[in-house]
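Structural overview
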Amino acid sequence: MAETDTHVEGQQHPLGIYFKIWAWLFVLSTCSYMVDYLHVQGYLRWTLIIIFMLAKAGLIVAVFMHMMWERLALLYAILTPPVLVLIFTALMSSESGYTFVTRTIFFATAS
Amino acid sequence: MGDWSSDQRAFKNVPWGKAMMWIFLVSDTFIFSIFLLSYMTVRSSTTVAWPHPSEVFALSFGGEPIPLILIAIMTFILITSSGTMVLAVNYGYRKDRFRTAVLLLATAAFGAAFVGMQAFEWTKLIVEEGVRPWTNPMGAAQFGSTFFMITGFHGFHVSIGVLFLIILARKVWRGDYDRGQRGFFTSRKGNYEIIETMGLYWHFVDLVWVFIFAFFYLW
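So, how was this worked out
- Residues numbered from 1 in each chain as written.
- Chains lettered and ligands numbered in written order.
- Predicted model: local features only at pLDDT ≥ 70, side-chain atom pairs only at ≥ 80, totals over all residues.
- Helix = DSSP H or I, 4+ residues; strand = E, 2+ residues; numbered from the N terminus.
- Rg over C-alpha atoms; globule rule 2.2 N^0.38 Å.
- Buried ≥ 20, exposed ≤ 12 C-beta atoms within 10 Å, placed from the backbone.
- Contact = placed C-beta atoms within 7 Å.
- pLDDT = per-residue confidence, 0-100.
- Nonpolar A, V, L, I, M, F, W, Y, C, P; charged D, E, K, R; others polar.
- Expected span 1.5 Å × (residues − 1).
- Bend = angle between axes of the 7 residues up to and from the residue.
- Axes fitted to C-alpha atoms, helices over the stretch in contact; angles between N-to-C directions.
- Parallel < 35°, antiparallel > 145°, perpendicular 65-115°, else oblique.
- Left-handed = near helix turned anticlockwise from the far one by under 90°.
- Core = buried A, V, L, I, M, F, W, Y, C linked by C-beta atoms within 7 Å.

Describing the overall build of chain A
Looking only at helices and strands, one finds four helices and zero strands in chain A. When the helices and strands of chain A are listed from N to C terminus, the series reads α-α-α-α. In summary, chain A has a C-alpha radius of gyration of 21 Å against a globular reference of 13 Å for 111 residues, an excess of more than 25%. With the principal axes as the frame, chain A shows a C-alpha extent of 70 × 35 × 15 Å. Scored against the burial criterion, the 111 residues of chain A give a buried share of 17%.

Written as structure tokens, this is what we have:
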């Protein structure tokens with residue numbers, strides 16, 4: 001993938017792909033807005049929001065930020081560290097669950 | 001992975017400015033991740049009901065309030081500006097000075113419109129609905145602090161982006177990058193790669209908004 005592209009003069013690609021991605025971003029944004037507008041609730045809501053969000057983020061990084069044409073060394077160096085944030089997310093998620101439980105117990109006994 | 005071995009340049013064919021911008025963006029990713037994480041933590045640990053964003057950010061044009069409509073318009077504006085930015089990068093490498101400058105200015109104008117709408121949104125929340133960083137009439141007090149922190153920091157990024165877009169548009173217009181004019185700060189010969197670096201920053205701001213939109217407004 002990265003080996004085939006050795007640009008001397010930066011990232012130059014046909015305009016068509018940008019317009020296609022641009023249109024897709026509009027479609028995906030409309031979709032995620034409709035999730036709220038049509039009052040989709042529960043697990044379906046979270047699933048749809050996350051899917052549309054990741055699709056948009058992926059398209060922006062891959063095409064608009066040219067990541068799909070960069071060398072693998074850069075791709076791994078940039079994209080691996082943010083993935084580790086997920087571990088932090090899991091930690092804080094369990095921590096806030098614990099805080100919620102202790103608060104609930106405390107406020108129940110205080111009143 | 002051979003790129004990482006000894007006596008190799010790690011990022012082949014990547015201009016230093018672009019590599020540095022990417023590294024800055026990674027650090028910025030962490031900053032916004034931490035904001036969103038702390039937002040997640042306070043929201044899921046509070047025992048008070050969280051204000052309903054769909055209703056808080058509703059706007060009525062004379063009739064029934066339409067939920068989140070301003071935020072949706074802001075999202076579309078930011079995506080549009082991303083599109084004009086990517087075209088500016090492309091025309092920059094084609095040395096089409098006029099189109100590049102116009103597209104950069106269009107991107108800056110969309111960015112400014114975004115910040116303007118955000119200012120309107122903040123004014124509405126602060127003046128009309130009495131939302132403060134420490135309290136608000138709708139529910140959990142943490143709503144205000146996380147909202148102003150996250151959107152404020154994002155709006156600041158957009159503002160700085162607009163400023164640099166205007167500076168770059170002026171330089172493109174003058175033809176600095178055709179003549180390889182040296183920058184006043186780095187004293188290096190300027191070329192159209194700077195537009196791509198600027199583009200990375202601008203798309204990143206759009207990217208952050210994608211996450212804020214999903215987690216703060218839709219959740």
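Here we look at the overall build of chain B
Counting its regular elements, chain B contains seven helices and two strands. Considered along the principal axes of its C-alpha atoms, chain B spans approximately 60 × 45 × 25 Å. Relative to its 219 residues, chain B shows a buried fraction of 40%. Put simply, of all contacts in chain B between residues at least 6 apart along the chain, 67% involve residues at least 24 apart.

Quick notes on the confidence of the model for chain A
Residues and elements named next belong to chain A. Looking at chain A as a whole, its pLDDT mean stands at 85, while 91% of the residues score no less than 70. Averaged pLDDT values for the elements of chain A fall to 88 in helix α3 (residues 72–83) and rise to 91 in helix α2 (residues 42–64). In the predicted structure, residues 1–8 sits below a pLDDT of 50 and forms seven contacts with residues beyond four places in sequence or in another chain.

Re the interface of chain B and chain A
Of the residues lining the interface, 41 residues belong to chain B; the matching set on chain A comes to 44 residues. Of all elements in the fold, only α1 (16–45), α3 (69–93) and α7 (193–218) of chain B reach the threshold of two or more residues within the side of chain B that touches chain A. Residues belonging to the side of chain B that touches chain A are distributed by class as follows: 23 nonpolar, 13 polar and five charged.

Details of α7 of chain B
All names here are of chain B. For α7, built from 26 residues, the straight-helix expectation of 38 Å at 1.5 Å per residue is met to within 8% by its first-to-last C-alpha distance of 36 Å. Considering bend angle alone, the principal kink of α7 is centred on I212 and spans about 30 degrees. Taken across its 26 residues, α7 has 24 buried, putting it largely inside the fold.

Focus on α3 of chain B
Think of an α-helix as turning once every 3.6 residues; residues three or four places apart then point the same way. Taking 1.5 Å per residue, 25 residues should reach 36 Å; α3 of chain B reaches 37 Å between its end C-alpha atoms and fits that length. Just downstream of α3 of chain B, K95 of chain B is the residue with a positive phi angle, here 60 degrees.

Quick word on the packing of helix α4 (residues 97–128) of chain B against helix α5 (residues 142–174) of chain B
Residue and element names in this part refer to chain B. Running from amino to carboxyl end, α4 crosses α5 at an angle of 155 degrees, the nearest separation of the two axes being 8 Å. The orientation of α4 relative to α5 falls into the category roughly antiparallel. Between α4 and α5 the crossing geometry is left-handed. Across the interface between the two elements, R97, T100, A101, L104, L105, T107, A108, G111, A112, F114, V115 and Q118 from α4 touch T151, G155, V158, S159, G161, V162, L165, I166, L168, A169, V172 and W173 from α5. A class-by-class count of the residues in the contact of α4 with α5 yields 15 nonpolar, eight polar and one charged.

What about the packing of helix α4 (residues 85–110) of chain A against α1 of chain B?
One can describe the packing of α4 of chain A onto α1 of chain B by two numbers: an axis separation of 8 Å at closest approach and a directional angle of 25 degrees. By the angle between their axes, α4 of chain A is roughly parallel relative to α1 of chain B. Between α4 of chain A and α1 of chain B lies a crossing of right-handed hand. On α1 of chain B, the residues touching V85, F88, T89, M92, S93, E95, S96, G97, T99, F100 and R103 of chain A of α4 of chain A are S33, L37, M40, T41, S44 and S45 of chain B. Of the residues in the contact of α4 of chain A with α1 of chain B, the class split is six nonpolar, nine polar and two charged.

Focus on the nonpolar core
Residues A88, L104, L168, V208 and F213 of chain B are the most contacted members of the largest nonpolar core, which totals 69 residues. The set of elements that each furnish at least two residues to this core consists of α1 (15–37), α2 and α3 of chain A together with α1, α3, α4, α5 and α7 of chain B. It is α7 of chain B that provides the largest number of residues to this core, a total of 18 residues. Beyond its immediate sequence surroundings of up to four residues, L168 of chain B is in contact with L104, I194, I195 and M198 of chain B.

Thoughts on the environment of T29 of chain B
Residue and element names in this part refer to chain B. Within the secondary structure, T29 sits in helix α1. For T29, a count of 19 C-beta atoms within 10 Å gives the class partly exposed. Taking the C-alpha atoms as reference points, T29 and F204, 175 residues apart in sequence, are found 8.7 Å from one another.

Some thoughts on the confidence of the model for chain B
Detailed reading of the predicted model is not advised wherever pLDDT is low. Model confidence for chain B is summarised by a mean pLDDT of 88, while 96% of its residues fall at 70 or above. At the level of chain-chain contacts, confidence expressed as ipTM amounts to 0.84, with global pTM at 0.88.

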